[in-house]
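# Commentary on secondary and tertiary structure
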Amino acid sequence: MPTDLPYAAEAESSLSSEELAVLRSQYYKEIEQGHVTTQSKFNYGWALVKSPTAEQQTEGVKLLQEIYSASPSHRRECTYYIAVGYYKLRNYAYARKFNDLLLAVEPDNMQAQSLRMLIERAVQRDGYIGVGILAGGAAITGIVLASIWKRAARR
């Protein structure tokens, strides 16, 4: 679902499988060599977050959170993509948390402002879906109870 918020377009886009393969190869090559640079780990985590699969997105968030925890100088660049990852995983509470961390220090950050709007829209949409499910369940329960009551009244 493409977004009408150009600054948050990354939240809806993916890399090609070839691009992901290049970054994966670099990351695992460095693992084999016994030292992974922060940049390679970030690049691979970023690529995984942009992936269309939840499993890869989860792995990307994990890698970015490792950098976030271990390297305070890289927190700013990780924060946004962690928020994007959580947004794509539909974990809106954590997406909002990390996005708000970025907005607290960069209130004019257009990417973070656009991502905030995407998160709020998703929360609202999921809320409407939840209300619809509850209303549907209540209607079915009402119909079943009315049917039972009607049968009991006939006896």
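Refer to the preceding data block for the structure.
What counts, and where the lines are drawn
- Residues numbered from 1 in each chain as written.
- Predicted model: local features only at pLDDT ≥ 70, side-chain atom pairs only at ≥ 80, totals over all residues.
- Heavy atoms only, no water.
- Phe/Tyr/Trp six-rings, centres within 6.5 Å; stacked < 30°, edge-to-face > 60°.
- Helix = DSSP H or I, 4+ residues; strand = E, 2+ residues; numbered from the N terminus.
- Buried < 20%, exposed > 50% of the residue type's maximum accessible area, 1.4 Å probe, protein only.
- Lys NZ or Arg CZ within 6 Å of the ring centre and 35° of its normal.
- Salt bridge = Lys/Arg side-chain N within 4 Å of Asp/Glu carboxyl O.

## Considerations on the packing of aromatic side chains
By the definition in use, this model includes nine aromatic pairs. Between Tyr 27 and Tyr 44 the ring centres are 5.0 Å apart and the planes differ by 25°, which places this aromatic pair in the stacked class. Of the two residues, Tyr 27 sits in helix α1 (residues 17–33) while Tyr 44 sits in helix α2 (residues 38–49), which places them 17 residues apart along the sequence. On the accessibility criterion, Tyr 27 (9% relative accessible area) is buried. The class for Tyr 44 is buried, based on a relative accessible area of 5%. Ring geometry for Tyr 80 and Tyr 81: centres 5.0 Å apart, planes at 80°, overall edge-to-face. For Tyr 80, a relative accessible area of 1% puts it in the buried group. What links up through ring pairs into an aromatic cluster is the set Tyr 68, Tyr 86, Tyr 94 and Phe 98. When the ring centre of Tyr 68 is taken as origin, the NZ or CZ atom of Arg 75, which lies over that ring, is 5.0 Å away.

## Regarding the pattern of salt bridges
A complete count under the given rule lists five salt bridges for this structure. The shortest N-O distance in the salt bridge between Lys 41 and Glu 66 comes to 2.6 Å. In this pair, Lys 41 sits in helix α2 while Glu 66 sits in helix α3 (residues 54–70), placing the two residues 25 residues apart along the sequence. With a closest N to O distance of 3.0 Å, Arg 76 and Glu 106 form a salt bridge. Taken together, the residues span a long stretch of sequence, with Arg 76 in helix α4 (residues 75–88) and Glu 106 in the loop between α5 (92–105) and α6 (110–154) at a distance of 30 residues. We classify Arg 76 as partly exposed; its relative accessible area is 37%.

That's the geometry; what it means functionally is another story.
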